[in-house]
Amino acid sequence: MQDLEALKSELTAAIDGAGDLDALEAVRVAALGRKGSVTGLMKTLGQLDADERKAAGRAFNALKDEIAEALEARRTALSASGLDARLAEEKIDVTLPVRPERRGCVHPISQTIDEVIAIFGEMGFTVAEGPDIEEDWYNFTALNIPQDHPARQEHDTFYINAEKEGRRMVLRTHTSPVQIRTMQSQKPPIRIIVPGRTYRSDHDATHSPMFHQVEGLVVDETSHMGHLKGCLMEFCRAFFGIDDLPVRFRPSYFPFTEPSAEVDIGCTREGGGLKIGAGDDWLEILGSGMVNPAVLENCGIDSAKYQGFAFGMGVERLAMLKYGIPDLRTFYDSDIRWLKHFGFAPLDVPSLLGRTVG
Ligand code: PHE
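Cut-offs used in this document
Residues numbered from 1 in each chain as written. Predicted model: local features only at pLDDT ≥ 70, side-chain atom pairs only at ≥ 80, totals over all residues. Heavy atoms only, no water. Domains from an automatic or database assignment. Buried < 20%, exposed > 50% of the residue type's maximum accessible area, 1.4 Å probe, protein only. Helix = DSSP H or I, 4+ residues; strand = E, 2+ residues; numbered from the N terminus. Pairing = 2+ DSSP bridges. Polar contact = N/O pair within 3.5 Å; in protein donor to acceptor, adjacent residues only side chain to side chain. Contact = heavy atoms within 4.5 Å. 1 Å grid on protein atoms, 1.4 Å probe; cavity = no way out; pocket = protein on both sides within 12 Å on 5 of 7 lines; lining within 4 Å. Points joined across faces, edges and corners; volume = space filled by probe spheres on them. Nonpolar A, V, L, I, M, F, W, Y, C, P; charged D, E, K, R; others polar.

Caption draft 1: Here's a closer look at the domain arrangement of the protein. Split by domain assignment, the protein resolves into domain 1 (2–90) and domain 2 (108–348). The C-alpha-based centres of domain 1 and domain 2 are spaced at 80 Å.

Right, dumping it as structure tokens:
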């Protein structure tokens, strides 16, 4: 019979020497597996006589238990150190500063839209949205721009092959169709602003085929031209951060508003550069007017009871004026150097209370 003590120390040494869980498993199989050394001992019991068998059986079982215990202890130790090793290897130092060359920032268009939303949000407006691919009826007809209206030509519309009710779909030429969608889906009082992309087939130094607008719409029983003026003057002054910014309302024409006014802000071009504020010159920044009763009726709103005002502004133009960005086309170049220069820190969230630009 094999020396049990020798076998035990041999196996114990193998268990202690196992460097990882795979090696330990190999030791287990070699000892306790079907053809293992300890299992083999058990098979010899049959050749012994009754007395010997009893004593030997007890000794073999004790050895088996000791080896199983040692295996389990080693397994626990190896698992723990395996985890420790992985944790050490995969450690990330979250206190390291962000790699400066990787820092992202907020595009001036996004920043400007956020600023506009913050200002109108304080006045009680909520944000509404609509689709970029629009039906002819929403983009034109419902806004009192019928089929043969000259304003249709002015819009340099992109037409899509798809049709709706016999008319080709369009890339919306302004955010005004969302006025219609909102008046159809909500009951007055309505107070919304609509930031979004708009499209016109026009491409030169001052026009891009895709640009952004923010639309505004108020419909209730009492809002009048005085509210329109007060609201937009307050917006201009808050947006540019100039409390006494001159704001001028100039009569204009839009099919969907009556009367209509374009809004200019004071500026000066003295000394070459453009400076916003009191001066002898004016810059147009907004279109506006009282909602045309015909438009209310197109949306099923009783124009004898309800009235309101609407306005629309170009986001790129606002951003260029506020942040001194000279060329419209650079907005869409995706030039990381430009973005670094004109972009905004992600946490520089606009609010009326903490205005950063004066
Ligand atoms: N939709 C007009 C444009 O794109 C702007 C506007 C909106 C004017 C709402 C009046 C009222 O030029």
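Caption draft 2: Examining the pairing of strand β8 (residues 257–268) more closely. When you tally the buried positions in β8, you get 10 out of 12 residues, the bulk of the element. For strand β7 (residues 247–254) and β8, the ladder comprises 7 bridges, and the chain directions are antiparallel. Looking across to β8, one finds that Arg248 is bridged to Asp264. Count of turn residues in the β7/β8 antiparallel hairpin: 2 residues. Where β8 lies against strand β10 (residues 281–291), 9 bridges are found, and the strand directions are antiparallel. Opposite Ile265, over in β10, you have Leu283 as the bridge partner. Here 2 bridges tie β8 to strand β9 (residues 275–276), and the two strands are oriented antiparallel to one another. Bridge pairing in β9 places Cys267 opposite Ile276. If you look at the hairpin formed by β8 and β9, you'll find 6 residues sitting between the two strands, and Gly271 has a positive phi there, around 75°.

Caption draft 3: Broad picture of the pairing of strand β3 (residues 159–164). As defined by bridge partners, β3 adjoins strand β4 (residues 167–171) across 3 bridges and the pair is classed as antiparallel. Bridging across to β4, Glu163 finds its partner in Arg168. Linking β3 to β4, which pair antiparallel, is a turn of 2 residues; within it Glu165 sits at a positive phi near 50°.

Caption draft 4: Geometry of the side chain of His149. Here His149 lies in the loop between α6 (136–139) and α7 (150–154). Judged by its relative accessible area of 14%, His149 falls in the buried class. A polar contact is formed between the side chain of His149 and the side chain of Tyr253, at a distance of 3.4 Å. Here His149 is in contact with Asn144, Tyr253 and Pro255, once residues within four sequence places are set aside.

Caption draft 5: Quick peek at the layout of surface pockets. Roughly 1,200 Å³ of volume is contained in the largest pocket. For the lining of the largest pocket, the secondary structure elements donating two or more residues are α7, β6 (210–220), β7, β8, β10, β11 (307–314) and α11 (315–323). When the residues that make up the lining of the largest pocket are grouped by side-chain class, the tally is 20 nonpolar, 15 polar and 10 charged.

Caption draft 6: Representation of unusual backbone geometry. Residue Pro189 is reached from Pro188 by a cis peptide bond, and omega for that bond is 5°. With an omega of -5°, the peptide bond between Glu258 and Pro259 qualifies as cis. Here the phi dihedral of Glu165 falls at roughly 50°; this positive angle occurs in a residue that is not glycine. Relative to the helices and strands, Glu165 resides in the loop between β3 and β4. Residue classification places Glu165 among the exposed residues on the basis of a relative accessible area of 71%. Positive phi is not limited to glycine here, since Ser334 has a value of about 55°. For Ser334, the position within the fold is in the loop between α11 and α12 (336–342). Judged by its relative accessible area of 73%, Ser334 is exposed.

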